Amino acid sequence: MKKIKLTIEGMHCAACAGIAEKELRKVPGVKEVSVSVTTNKGFVYAEDSVSEESLKKAVAEAGYKVVGVK
Amino acid sequence: MEESVEAREIRGWKLKLVWAWVLTIPIMLIMYSGMVFGIEIVPMKYMPISLLILGFPVIFIIGWGTIKAGTRGFFKLRFSMDSLISMGTIVAYATGFLAFFELTQDYSGVSSMIMTIFITGKFIESKARGQASKEIKKLLELGAKKAVVLRGKKEVEVPIEEVGVGDIFIVKPGEKIPTDGVVTRGESTVDESMVTGESLPVDKTVKSHVIGATINQDGVLYVKASKVGDDTFLAHIIELVEEAQGTKIPIQKFADSVTNVFVPIILTVAVLTFIGWIAATGDWSRSIGVGISVLVIACPCALGLATPIALMVGSGMGAKKGILIRKGEAIQTMKEIKIIVFDKTGTITKGKPEVTDVYSVLKKNEASVIEKTAALEKLSEHPIGKAIVEYGNLSKFKNVTKFKILRGRGVEGVLDKKKMLIGNTALMKERNVDISKIKEVLEEYETGGKTTMIVAEGGKVIGVIAVADTVKEESKKVIHYLRRQGFRTVMITGDNERTAKAIAKQVGIDEVIANVLPEDKSNKVKELQKRGMVAFVGDGINDAPALKQANVGIAMGTGTDIAIEAGDIVLASGSLRGVPQAIVLSKATFGKIKQNLFWAFAYNVVAIPLAIAGFLHPVIAEIAMALSSITVVTNANLLRRKRI
């Protein structure tokens, strides 16, 4: 298990955070997600095999952009 | 930098705002000057085409972000605020073409106005959101940027990133301590309020732990870095606060489920409204106008933002005082709490023994008893020994020979050619030391829950030193306050009944559960839960299961370390005063959330029917919408008025 912190740009309202969460949850290996519209941060708990790329893609799918990964 | 996303967004909205108004003001002049001033800036004939030309960049260039996200939503069946605004503005803009054929009234100018007001609202909202995250941002910027490090014998100033574990850095008075570490040389007091919320400066000497980002006050400190970068106390606090923002509060679930279906419902309602109006009046212009009003007045944003924005303001306020909300849920549960359970050691008490009484057989000879005892105990590593040495606070110690630790019983040695024996009753009996003279003293101390050390010199008792884990200064006051607030207070401990009762009496706690093994604490919490919701206050390391079992777990930090994994709320300062503060803060924040949700719902419940009934012009509708989400954010900011 690992924890990844994403900085996400482009979310205007709380519904956006929900959409981003939904997409991130779909990524295989992702266990827990919490995205905050107020801080533009997303915390993902996932198996070690999950790549940053797949998370970025999921966020892009939701219509937003990952600008930072930690 | 971390916070640039938000700053960039505000800048983005600002740029859009300026250009949108630059184009929309002429649009408004063209539309209304004839009506208001009787002057036609553009001949009537050319009005529709000029509105379409001026309006195009407003909707499709400046508003592209919204239009793109909104129309994308239609293809993916994932609707948001943007979907409503896109549909509203595109339909309105399209009427500009229909107007050529005089099929309907021209709403294309209105379309630009809607987009511009929407952008203005977003700009104001993003500013207010920035305001709401003020405290959290301050936390992010708290860390030191530079450090003065000892390289060989030279003092070199380096950027903070270059400080490694084990480096010695120098902190002068008034300077920020660059990172966590242990003092190797020097003495000073340090202001830790910005990180732990503890308002009194803390004394630091050799071996003291210091926290990065706190301010050194009067002496020069040489500190060996123990943690850097993401491992520091401050970094943990920041992460904890940031992560908490995305956690869900139960009350929000309803709002979220409404938000999820809200937009599709509104889209349907708008279409039905339009059809209804056509059927009833046959007036295309009017029907389109009403339809647009319905689209743009609905405000899922206010609903969705009501909870997280209040949580953000609340947790920011808490962080400033060293109260870290880890789980949003805790602030809702807090108002249901009936019983507060405190762990004894380290929570109600300081968690380390201190000398409470010194008794001397000879009158006024206490200082000598301490002096002699300290000389021996200096050589022992036992916590009780340390407490005696600390209490004595001597600069010189007498020479002791033939020192020996008698495990579990005491110590012995020779001092000034006399044989010294320090220890418990068992030891005295073993060495045939007569303790009948001090029997009463021993009894008195032991009933008070204290541990006694008998001091004998040359086979005769010369005094008794009582040691106890003393209660924190604030414990009594805090527990008194909580009881007055109607909470049932309970203390749980592994100590025996007598010691536990003595402490309980000192702080005035309602109920004591003694002789509890550490692993049984969570079971005791479970039992108490049959009587009502339970909050557990304890340290995050030994009490983790009990913290988890409780409805609200409040973990006490130890000042330099916080147990991130346990507890719904973490008190960074390790002061019990944080408990009532956390309760007040939770209740105030939750109250604000309820208020926000009420207004957001009420707004939609009132405004949407008014729009359907045709009372609101689309521009008025858009203004109302923008105001409603600004109101929610502003209202959340008002939480700061509450003193915690």
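Sequence order as written defines the numbering, with residues in each chain counted from 1. As a convention, the first chain written is A and the first ligand written is 1, with the rest following in written order. Confidence filtering applies because this is a predicted model: local features only for residues at pLDDT of at least 70, side-chain atom pairs given and counted only at 80 or more, and all residues used for totals across whole chains, interfaces and linings. In computing side-chain values, all of the structure's heavy atoms are included and hydrogens and water are not.

(A) Broad picture of the overall build of chain A. Each helix and strand in chain A was counted, giving two helices and four strands. Segments assigned H or I by DSSP are reported as helices when at least four residues long, segments assigned E as strands when at least two residues long, and all are numbered from the N terminus. In sequence order, chain A lays out its α and β elements as β-α-β-β-α-β. For a compact globule of 70 residues, the expected C-alpha radius of gyration is about 11 Å, and chain A comes in at 10 Å, within 12% of that figure. Residues classed as buried in chain A amount to 59% of the 70 residues present. Note on contacts: a residue pair qualifies if any of its non-hydrogen atoms lie within 4.5 Å across the two residues. When contacts within chain A are restricted to residue pairs at least 6 apart in sequence, those whose partners lie at least 24 apart make up 64%. Working definition of accessibility: Shrake-Rupley area with a 1.4 Å probe, residue cover restricted to the visible protein chains. As displayed, chain A has an accessible area near 2900 Å², and 51% of this comes from carbon and sulfur atoms. Only the C-alpha atoms count toward the radius of gyration. The rule for a globule is 2.2 Å times the residue count to the power 0.38. Between buried and exposed lies partly exposed: a residue is buried under 20% and exposed over 50% of the maximum accessible area for its type, with that area taken using a 1.4 Å probe on protein chains only.

(B) Fine view of the confidence of the model for chain B. pLDDT expresses, on a scale from 0 to 100, how confident the predictor is about each individual residue. Averaged over every residue, the pLDDT of chain B is 89; residues scoring 70 or more account for 98%. Overall fold confidence (pTM) sits at 0.84, and the ipTM for the predicted complex is 0.87.

(C) A look at the interface of chain A and chain B. Chain A puts 30 residues into the contact, and the matching count from chain B is 29 residues. Buried area adds together the accessible area that both of two parts lose upon being put together, with accessible area traced by a 1.4 Å probe. Between chain A and chain B, a total of about 2500 Å² is buried, with carbon and sulfur atoms accounting for 50% of that surface. Of all residues in chain A, His12, Thr38 and Phe43 of chain A bury the most surface against chain B, accounting for 25% of the area lost on that side. Any Lys or Arg side-chain nitrogen found within 4 Å of a carboxyl oxygen on Asp or Glu counts as a salt bridge. Here chain A and chain B share eight salt bridges between them. Polar contact criterion, stated in full: a pair of N or O atoms within 3.5 Å, where within protein one must be able to donate a hydrogen and the other to accept it, and residues adjacent in sequence count only if both atoms are side-chain atoms. The interface formed by chain A and chain B includes 12 residue pairs in polar contact (both at pLDDT 80 or more). Put simply, the parts of the chain that give the side of chain A that touches chain B at least two residues each are β1 (2-9), α1 (14-26), β2 (30-36), β3 (41-46) and α2 (52-61) of chain A. Residue polarity is assigned by list, with Asp, Glu, Lys and Arg as charged and Ala, Val, Leu, Ile, Met, Phe, Trp, Tyr, Cys and Pro as nonpolar; anything else, Gly included, falls into the polar class. A class-by-class count of the residues in the side of chain A that touches chain B yields 13 nonpolar, nine polar and eight charged.

(D) Main features of the pairing of strand β21 (residues 552-556) of chain B. All names here are of chain B. Burial analysis of β21 places five of its five residues in the buried class, the great majority of the element. Alternating residues of β21 divide into Val552, Ile554 and Met556 and Gly553 and Ala555, and every residue in both groups is buried. With three bridges joining them, β21 and strand β22 (residues 569-571) adopt parallel strand pairing. Across the sheet, residue Ile554 finds its bridge partner in β22, namely Ile569. Here, strands pair whenever DSSP counts at least two bridges between them.

(E) View of empty space enclosed by the protein. A pocket here means an open set of points on a 1 Å grid, computed over the protein atoms alone, that has protein on both sides within 12 Å along at least five of seven lines. A cavity is instead a set of points where a 1.4 Å probe fits but cannot get out; residues with an atom within 4 Å of a point line either one. Grid points are joined across faces, edges and corners, and a volume is the space filled by probe spheres set on the points. A full pass over the atoms with the stated rule returns five cavities of 30 Å³ or more. Computed from the structure, the second largest cavity encloses a volume of approximately 50 Å³. Lining the second largest cavity are Thr38 and Asn40 of chain A together with Glu6, Glu9, Ile10, Ser126 and Arg129 of chain B. Of all the secondary structure elements, the ones that give two or more residues to the lining of the second largest cavity are α1 (4-36) and α5 (108-132) of chain B. Ranked by residues supplied to the lining of the second largest cavity, first place goes to α1 of chain B with three residues. In terms of residue class, the lining of the second largest cavity is made up of one nonpolar, three polar and three charged.

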